[in-house]
Amino acid sequence: MLKISYIQAYSDNYIWLIQTNEGNTLVDPGDAGPVLDFIQKEEIEINDILITHHHFDHVGGLKTLKSLIKGSIIGPESKNINDLDYKVKDGETINTIGLEFSVIEIPGHTLDHIAFFSNTEKEVLFCGDTIFSGGCGRVFEGTFEQMNNSINILCRLPKSTEIYCAHEYTLSNLIFAKQVEPENDELNHYYDEVIMMRENDISSIPTTLNRELQINPFLRVSNASLRESISDKLNDSVQLSDTEIFKFLRTWKDSL
Ligand SMILES: [Zn+2]
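Residues numbered from 1 in each chain as written. Predicted model: local features only at pLDDT ≥ 70, side-chain atom pairs only at ≥ 80, totals over all residues.

Within an unreviewed UniProt entry, the label attached to the protein chain reads Hydroxyacylglutathione hydrolase, and the organism entered is SAR86 cluster bacterium. In its Subunit (unreviewed entry) section, the UniProt record describing the protein chain reads: "Monomer." The protein chain has a UniProt comment under Pathway (unreviewed entry) that states "Secondary metabolite metabolism; methylglyoxal degradation; (R)-lactate from methylglyoxal: step 2/2." (UniProt positions renumbered as here; feature names shortened; annotations may be inferred.)

Shown next as structure tokens:
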């Protein structure tokens, strides 16, 4: 039986805890403190740790947790991450607590960014800071083209895939998304839902790929109605590429 829950860290990070009857695996423990509190309280041991990229709020807990776990720390080929036991590349498969995960390289937010996808029990994706609900990560190290390509790779996963991203940014992302597509009914409806969830302190994550394809502007750069709704902001006599639309949206959001 697969169970996925979060341990909250910093102001808006989710450290994901994957549990099966074979054990417990963490994703991106950026802070050891809340993890230690949790495992003490729940009396569980950690088997493995999966890492998506090198930012401190994803790897900050490794030094402390390394000596406490039963298994391995698995992450991307990266000179910026210490403490990894196994470095994995695109297309490789790893096993943890009875689940098989495929590794997908998704550079853009950072150059070393990877995602972990499993369909052993159901389709689940751990994508760090690449796709957020209603938005995407900032393009820090890669190019806009790389980031757009990486998002497209994830968009080809099954639509029922549950997306476990690393931050609760949904509400502010949706406020931006509504500026991009004010007449997107699914988006407006989902915004109202998320307002209610957040007022009741309910996490908006996981989301699903199916939902994101309907409401997330960064996954909709080739969508005709998105292009139509931003045409007044662009010179629409020019046929812009998907990457150019992506760059326009990401730059617009960064400027807010
Ligand atoms: Zn990051």
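What follows picks up the thread again.
What follows is about the packing of helix α5 (residues 170–180) against helix α6 (residues 185–199). Between two packed helices, the angle of one axis relative to the other and the distance separating the axes together describe the packing. At a minimum axis distance of 10 Å, the contact between α5 and α6 shows a crossing angle of 155°. One finds that α5 runs roughly antiparallel with respect to α6. Helix-helix and strand crossings are classified by hand; for α5 and α6 the assignment is left-handed. Side by side, α5 and α6 meet where Thr 170, Leu 171, Leu 174, Ala 177 and Lys 178 of the first sit next to Leu 187, Asn 188, Tyr 190, Tyr 191, Val 194 and Arg 198 of the second. (Axes fitted to C-alpha atoms, helices over the stretch in contact; angles between N-to-C directions. Helix = DSSP H or I, 4+ residues; strand = E, 2+ residues; numbered from the N terminus. Parallel < 35°, antiparallel > 145°, perpendicular 65-115°, else oblique. Left-handed = near helix turned anticlockwise from the far one by under 90°. Contact = placed C-beta atoms within 7 Å.)

Among the nonpolar cores identified, the biggest contains 59 residues, and Ile 15, Trp 16, Ala 115, Phe 126 and Cys 127 are the most heavily contacted of them. No other element matches the five residues that strand β2 (residues 13–20) contributes to this core. Once residues lying within four places of it in the same chain are set aside, the contact partners of Ile 15 are Tyr 6, Ile 7, Ala 9, Leu 26, Val 27, Asp 28, Pro 29, Gly 30, Pro 34 and Val 35. (Core = buried A, V, L, I, M, F, W, Y, C linked by C-beta atoms within 7 Å. Buried ≥ 20, exposed ≤ 12 C-beta atoms within 10 Å, placed from the backbone.)

What follows is about the sheet that holds strand β6 (residues 86–88). What links the strands of a sheet is backbone hydrogen bonding, and the strands pair in either a parallel or an antiparallel sense. Taken together, six strands build an open sheet; the order of strands is β1-β2-β3-β4-β5-β6 and the sheet is mixed. In the strand order of this sheet, the two ends are held by β1 (3–9) and β6, each with one partner. Averaged over all pairs of adjacent strands, the angle between strand axes in this sheet comes to 25°, irrespective of strand direction. Of the pairings in the sheet, the one linking strand β4 (residues 48–50) to strand β5 (residues 73–76) comprises two bridges and is parallel in character. Its bridge partner lying in β5, Ile 49 is registered against Ile 73. Where helix α1 (residues 32–42) meets the sheet, it contacts β1, β2 and β3 (23–27), and its direction lies at approximately 130° from that of β1. (Pairing = 2+ DSSP bridges.)

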